[in-house]
Amino acid sequence: MKAAVYFQYGTPQVLRIEDVEKPTPKGNEILIRVKATAVNSGDWRLRKAEPFAVRFIFGLFKPKIKILGSVFSGVVESVGKNVKLFKVDDFVFGHTDMSFGSYAEYKCLPENGSIALKPANISHNEAAVIPFGGVTALHFIKKATIKPGQKVLVVGASGAVGSAAVQLAKSFGANVTGVCSTANIALVKSIGADKVIDYTKEDFTRNGETYDVIFDAVKTISVSGSLKSLNRNGIMILSAAGISETLHGLWISRTNKKKVLTGVISHTAADIIYLKELIEKDKFKPVIDRTYMLEQIAEAHAYVEKGHKKGNVAIEV
């Protein structure tokens, strides 16, 4: 099968298309013919080994995992002898968790992984871009126990996680304000934001407004400077936090009535199913900026790494 592989950390040019061995499903696994995947921030950061600490998990001098890609949509081609949840020809989508490997024509995954039947009302490209931003946003929104009527501010509202956070917060009944650049105002309004702040013209920390939840999806805000924009028992979500922001958040949470949520998210089939049901009810829609072919994976990585994409970048396999 064809796959996008890399054998050293570096620029997008370390990615190349090669023929590799097609996997065979074990007893509890399904073999998926990947129709589409996506390029997310986790992919290009792992390709670059940024931050350096990722090397201690994924390989100090060279990557242990040779095929990136953490999300997918495709067709079940074969199943292991013990599989009961899926059958051949099922359309499925989901997340590969820490095994990666969806930048390829085929991928084996355990049937109890983060997998669900694909929503019938969207394409494979659209389904593939849902799990990364959708599951990340859902994890934190559930953790913050957002309630109907609460005021939620989403910073980076036009990105993969931010666009998901806007829609999910709305589905929980919140009043949502999105923060983005001038070029993305129409997009953020189209996915349900009640109000949009253009950060090139207005600083949300200086407009006198306060919020029950501030969701920073892109690691751009000053944690200390934004605290005054939180209500007395407000919650700040830092979904893209680094080590320094995480430690700062822990200190705030221990010394203040305001709380900061960070940390590694988990993936479950239940989360993918939850997103599937929202999509089928037209309460959540994928946002795709550009679509590339697998052979253009280096170009796609270069574009995503610039940090200006709207929503997601899909890859047709």
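Each remark here, short or long, concerns the structure printed above.
About the cut-offs
Residues numbered from 1 in each chain as written. Predicted model: local features only at pLDDT ≥ 70, side-chain atom pairs only at ≥ 80, totals over all residues. Heavy atoms only, no water. Helix = DSSP H or I, 4+ residues; strand = E, 2+ residues; numbered from the N terminus. Rg over C-alpha atoms; globule rule 2.2 N^0.38 Å. Buried < 20%, exposed > 50% of the residue type's maximum accessible area, 1.4 Å probe, protein only. Contact = heavy atoms within 4.5 Å. Areas by Shrake-Rupley, 256 points an atom, 1.4 Å probe, with all protein chains shown as cover. Lys, Arg positive; Asp, Glu negative; His and termini not counted. Charge placed at Lys NZ, Arg CZ, Asp CG, Glu CD. Core = buried A, V, L, I, M, F, W, Y, C linked by side-chain atoms within 4.5 Å. Expected span 1.5 Å × (residues − 1). Axes fitted to C-alpha atoms, helices over the stretch in contact; angles between N-to-C directions. Parallel < 35°, antiparallel > 145°, perpendicular 65-115°, else oblique. Nonpolar A, V, L, I, M, F, W, Y, C, P; charged D, E, K, R; others polar. Pairing = 2+ DSSP bridges. Right-handed = clockwise from strand over helix to strand, strands pointing away. Salt bridge = Lys/Arg side-chain N within 4 Å of Asp/Glu carboxyl O.

Caption draft 1: Molecular detail of the overall build of the protein chain. When you go through the protein chain residue by residue, the secondary structure sums to ten helices and 15 strands. For the protein chain, the C-alpha radius of gyration of 20 Å lies close to 20 Å, the compact-globule estimate for 317 residues. By its C-alpha atoms, the protein chain is 60 × 45 × 35 Å across when sized along the principal axes. For the protein chain, the residues scored as buried account for 55% of the 317 residues in total. Pairs at least 24 apart in sequence give 68% of the contacts found in the protein chain among residues at least 6 apart. Accessible surface, the protein chain: about 14300 Å² in total, of which carbon and sulfur atoms supply 54%. The averaged location of the 30 negative side-chain charges in the protein chain is 6 Å from the averaged location of its 42 positive side-chain charges.

Caption draft 2: The arrangement of the nonpolar core in detail. Grouped together as the largest cluster of nonpolar side chains are 48 residues, with contacts concentrated most on Val154, Leu168, Phe215, Ile237 and Phe284. Going through the elements one at a time, α4 (130-143), β8 (151-155), α5 (160-171), β9 (175-180), α6 (185-190), β11 (211-216), β12 (230-238) and α9 (269-280) are the ones with two or more residues in this core. Filtering out sequence-adjacent residues up to four positions away, Ile237 remains in contact with Phe140, Ala144, Val213, Ile214, Phe215, Asp216 and Leu261.

Caption draft 3: Main features of α4. Its 14 residues give α4 an end-to-end C-alpha distance of 19 Å, which sits within 8% of 20 Å, the value for a rise of 1.5 Å per residue. Across the 14 residues of α4, eleven count as buried, placing the element largely inside the fold. The complete set of buried residues in α4 reads Ile130, Pro131, Phe132, Gly133, Gly134, Val135, Thr136, Ala137, Leu138, Phe140 and Ile141. Where α4 terminates, the next one or two residues include Thr145, which has phi positive at roughly 45°.

Caption draft 4: Up close: unusual backbone geometry. The residue after Glu50, namely Pro51, is reached through a cis peptide bond having omega 0°. Counting through the fold element by element, Pro51 comes out in the loop between α1 (41-48) and α2 (55-58). Backbone geometry at Ala49 places phi at a positive 60°, although glycine is not the residue there. Its location among the elements puts Ala49 in the loop between α1 and α2. Among the residues examined, Ala49 registers a relative accessible area of 7% and is labelled buried.

Caption draft 5: Quick look at the packing of α4 against α9. Axis separation between α4 and α9 bottoms out at 10 Å; the angle between their running directions is 105°. One finds that α4 runs roughly perpendicular with respect to α9. Along the contact surface, α4 presents Ile130, Pro131, Gly134, Val135, Leu138 and Lys142, while α9 presents Asp271, Ile272, Tyr274, Leu275 and Ile279. Of the residues in the contact of α4 with α9, the class split is eight nonpolar, one polar and two charged.

Caption draft 6: Fine view of the pairing of strand β15 (residues 312-316). Counting buried positions along β15 yields four of five residues, so the element is predominantly enclosed. Bridging between strand β3 (residues 29-39) and β15 involves four bridges; their strand directions are antiparallel. If you follow Ala38 over to β15, its bridge partner there is Ala314. Pairing geometry for strand β14 (residues 288-293) and β15, over five bridges, is parallel. Each bridged residue has a counterpart across the sheet, and for Tyr292 the counterpart in β15 is Ile315. Once the chain exits β14 it traverses helix α10 (residues 297-305) before rejoining the sheet at β15, and the crossover so formed is right-handed.

Caption draft 7: Structural view of α5. Compared with the 16 Å implied by 1.5 Å per residue over twelve residues, the 17 Å span of α5 between its first and last C-alpha is a close match. For α5, the set of buried residues is Ala160, Val161, Gly162, Ser163, Ala164, Ala165, Val166, Gln167, Leu168 and Ala169. Where α5 is buried, its residues touch α4, β8, β9, β11, α9 and β15. In the segment just after α5, Gly173 is the residue with positive phi, at about 95°.

Caption draft 8: Focus on the side chain of Lys276. Here Lys276 is to be found in helix α9. Overall, Lys276 belongs to the buried group, its relative accessible area being 15%.

Caption draft 9: Representation of the pattern of salt bridges. Per the counting criterion, the structure on display carries twelve salt bridges. We note a salt bridge from Arg16 to Glu18, for which the minimum N-O separation is 2.7 Å. Residue Glu50 is joined to Arg45 by a salt bridge in which the shortest nitrogen-to-oxygen separation is 3.0 Å. Note on Arg45: relative accessible area 32%, which makes it partly exposed.

Distances and angles like these do not, on their own, reveal function.
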